[in-house]
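# Inside the fold
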Amino acid sequence: MGRQARTASREVRQARAAAARRARKRNRILSAAGGVVIVGLVVAIVVALVNAAGDRPDPAAVAADVVAPAGATAAGAIPIGAATAPVTVDVYLDYMCPFCGRFERANGAEIDRLVAEGTVRLNLHPLAFLDRASAGTRYSTRAANAVATVADAAPGTILAFTTALFADQPEEGGPGLSDEQIATLARQAGVTGDVVDRFAARAFQPWIAASTETTMTQITGTPTVKINGKLFTGDLYTAGPLTQAITAAKAR
Amino acid sequence: MIATTLRRVRQVRHADGWIFGTMLVSACLSLAASLVLAADAVTLAADPAATLSCNINSVISCGTVGSSWQARLLGFPNAFLGLMAEPVVITIAVASLGGVRFPRWFMFSAQIVYTIGVGFAYWLFYQSMFSIGALCPWCLLVTVSTTLVFATLTHVNIRDGNLYLPTRVQTALDNAVAADLDAIAVAIWLLAVALAVVLKYGNALLG
């Protein structure tokens, strides 16, 4: 092998070794950077979890603080209408549930009329099992708490308020209506300002959580409607069938 | 001492037992989750009352979500795809654990098909995070286990040079795997998914 060829092969070897060193160095830098990213992500996850846990009410305090709205039944219902009405209608709903919105838009006016004329005593069961579907803002609980507050302090406006909440029902999975939007709807429905101001205290949140817990073992979904304690299995989403069933129950 | 341990861990990490064992466990988890989701979708389809109410115990939140177009992109519930694909992965994993060597073209095809599958899984993950917004634990399990199957399949295909790559790219990937960059990448990937879930659903998870 001539000197020239030896030099050439040495240069090739050196170039290869240099390339391998560069690759190792690059991989070391990438490993280190990856390690930093991993640590950063773990820290971010812990911080996010701690923040989320901070928003959570203390379960012990919740159990002690269950205050039912005035007039509420032991079964977690808000009764509306004359106690002497011949027909009792139980409606289980979640203000986030799109089908409850459809039910309300189809039958709300009829139910309001039957309550007003003294035929129906409506047992409203506001539930909050769809809290998971409002991007962390717990819209179901906030809406149900507002309704319970109205039931407690201004029961005359509760049907108008419920109708308004469903007329402006937010999309499932979104953040829901803001507290201000709920307050505005309440004022428009005739709830006075001092009652609206009580929404923010979330005084009935533990009561809603407790009645949701109990009710979830008794029904399979929302909306659920019972006439004189019996499950109504007819069409919930067109006006007519429910009214007919109520009229039939009244005749019996 | 630490260096020895690290070398041992590396040896195990690149061995068939670890790679195909992880693949097998992940594919089984994915299959189980798909089965739950498929059964739920069938119940939902068979019971008109269930599709017309917000079912309290349903894993697919309200009927609107279960019957959303994203939930049945190809005209049938997405979970059926998992029921079809995961048994194949399980077969590959079990056969490989038993010492079977599949031809290069076979592993390459499996890589292509599973890459499409993982893309679909992440499209669904994105949709459920930002369009549907419902927390679905079984869907999350599918996302994570699909990722692990994809990672192990890619790992073994890089190790065995099954991907028909140019020499330069293959060498670079070999070096990266030798430097454990693949494990770091998978860790970052899964932690990023976990962070997204915690940020979006932290309140629901703990509240």
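### Some words on the overall build of chain B
Tallying secondary structure elements over chain B gives nine helices and one strand in all. When burial is assessed residue by residue, chain B has 34% of its 207 residues classed as buried. In chain B, the proportion of contacts linking residues at least 24 apart, taken out of those at least 6 apart, comes to 73%.

### A short note on the overall build of chain A
The number of helices and strands found in chain A is nine helices and six strands. By residue count, 37% of the 252 residues in chain A fall in the buried class. The contacts of chain A with a sequence gap of at least 6 include a subset with a gap of at least 24, amounting to 77%.

### Some remarks on helix α4 (residues 139–153) of chain A
A rise of 1.5 Å per residue sets the reference length of α4 of chain A, with its 15 residues, at 21 Å; its end C-alpha atoms lie 21 Å apart and thus fit the reference within 8%. When you tally the buried positions in α4 of chain A, you get 14 out of 15 residues, the bulk of the element.

### Quick notes on helix α8 (residues 205–215) of chain A
Counting buried residues in α8 of chain A gives eight out of 11 residues, a clear majority hidden from the surface. For α8 of chain A, the set of buried residues is Gln205, Pro206, Trp207, Ile208, Ala209, Ser211, Thr212 and Thr215 of chain A.

### A look at the sheet that holds strand β1 (residues 78–80) of chain A
All names here are of chain A. Across the sheet, five strands lie side by side as β1-β3-β2-β5-β6; this open sheet has mixed pairing. Across the chains shown, the open sheet's two edge strands, defined by having one partner strand only, are β1 and β6 (230–231). Taken together, the eight bridges between strand β2 (residues 87–94) and strand β3 (residues 120–127) define a ladder with parallel strand orientation. Residue pairing across strands places valine 87 opposite valine 120, the latter belonging to β3.

### Let's talk about the environment of arginine 159 of chain B
By secondary structure assignment, the location of arginine 159 of chain B is in helix α7 (residues 137–159). Residue contacts for arginine 159 of chain B: discarding those within four places in its chain leaves His14 and Val177 of chain B.

### Some words on the environment of aspartate 160 of chain B
The residue aspartate 160 of chain B is located in the loop between α7 and α8 (167–178) in this model. In this structure, the C-alpha to C-alpha distance between aspartate 160 of chain B and arginine 104 of chain B, residues 56 residues apart in sequence, is 8.7 Å.

### Topic: the nonpolar core
Ala143, Ala144, Val147, Ala148, Val150, Phe161 and Ala186 of chain A are the most contacted members of the largest nonpolar core, which totals 57 residues. If you tally residues by element for this core, the top one is α4 of chain A, at eight residues. Contact partners of phenylalanine 161 of chain A, with chain neighbours within four places excluded, come to Val147, Val150, Leu185, Ala186, Ala189 and Val191 of chain A. Counting 15 residues, the second largest nonpolar core, distinct from the first, contains Met23, Val89, Ala151 and Leu153 of chain B.

### Observations regarding the pairing of β3 of chain A
Residues and elements named next belong to chain A. Of all the eight residues making up β3, seven are buried; the element is thus mostly covered by neighbouring parts of the structure. In terms of strand pairing, β1 meets β3 through three bridges, oriented antiparallel. Counted as the bridge partner of isoleucine 80 is leucine 122 from β3. Tracing the backbone out of β2, into helix α3 (residues 98–116) and back to the parallel element β3 gives a crossover that is right-handed.

### Here we look at the confidence of the model for chain B
Residue and element names in this part refer to chain B. Model confidence for chain B is summarised by a mean pLDDT of 85, while 86% of its residues fall at 70 or above. Within chain B, no element has a lower average pLDDT than helix α4 (residues 63–66), which sits at 53, and none a higher one than helix α5 (residues 79–97), at 94. Here the complex is predicted with pTM 0.70, and the ipTM for its interfaces comes to 0.79.

### Some points on unusual backbone geometry
Cis geometry is adopted by the peptide bond preceding proline 223 of chain A, which originates at threonine 222 of chain A and carries an omega value of -5°. Structurally, proline 223 of chain A is set in the loop between β4 (221–222) and β5 (224–227). Non-glycine residue asparagine 228 of chain A carries a positive phi angle of around 50°. One can find asparagine 228 of chain A in the loop between β5 and β6. The residue aspartate 180 of chain B is not glycine, and still its phi comes out positive at about 65°. When you line up the elements, aspartate 180 of chain B lands in the loop between α8 and α9 (181–206).

### Side note on the packing of α7 of chain B against α8 of chain B
All names here are of chain B. Relative to each other, α7 and α8 sit at 120°, their axes nearing to 10 Å. Our classification of the angle between α7 and α8 gives oblique. For α7 against α8, the interelement crossing comes out left-handed. Together, His155, Ile158 and Arg159 of α7 and Leu173, Asp174 and Val177 of α8 make up the contact between the two elements. The residue inventory of the contact of α7 with α8, partitioned by class, reads three nonpolar, one polar and two charged.

Calculation notes
- Numbering of residues starts from 1 in every chain and runs along the sequence as written.
- For naming, the first written chain is A and the first written ligand is 1, with later ones following in the order written.
- With pLDDT at 70 or above as the cut-off, local features in this predicted model cover only qualifying residues; side-chain atom pairs require 80 or more to be listed or tallied, and sums for whole chains, interfaces and linings still use all residues.
- Elements are defined by DSSP. Helices are runs of H or I of four residues or more, strands are runs of E of two residues or more, and each kind is numbered from the N terminus.
- The burial label depends on the number of other C-beta atoms within 10 Å of a residue's C-beta. Counts of 20 or more mean buried, 12 or fewer mean exposed, and intermediate counts mean partly exposed, with C-beta atoms placed from the backbone.
- Here, residues touch in the contact sense if the C-beta positions derived from the backbone fall within 7 Å of one another.
- In this analysis, the expected span of each helix is defined as 1.5 Å times one less than the number of residues it contains.
- We treat two strands as partners when DSSP finds at least two bridges between them.
- Note on terminology: a nonpolar core is any set of buried Ala, Val, Leu, Ile, Met, Phe, Trp, Tyr and Cys residues joined through C-beta atoms within 7 Å.
- Here, the term right-handed applies to a crossover whose path from the first strand over the helix to the second runs clockwise when the strands point away from the viewer.
- Residue-level confidence of the predictor, termed pLDDT, takes values from 0 up to 100.
- To define axes, lines are fitted to C-alpha atoms, for helices over the stretch in contact only, and angles between the resulting N-to-C directions are given on a 0 to 180 degree scale.
- Note on terminology: angles under 35 degrees are roughly parallel, angles over 145 are roughly antiparallel, angles of 65 to 115 are roughly perpendicular, and the others are oblique.
- Left-handed describes a crossing in which the near helix is turned anticlockwise from the far one by less than a right angle; the clockwise case is right-handed.
- For this scheme, ten residues count as nonpolar: Ala, Val, Leu, Ile, Met, Phe, Trp, Tyr, Cys and Pro. Four count as charged, namely Asp, Glu, Lys and Arg, and the remainder, Gly too, count as polar.

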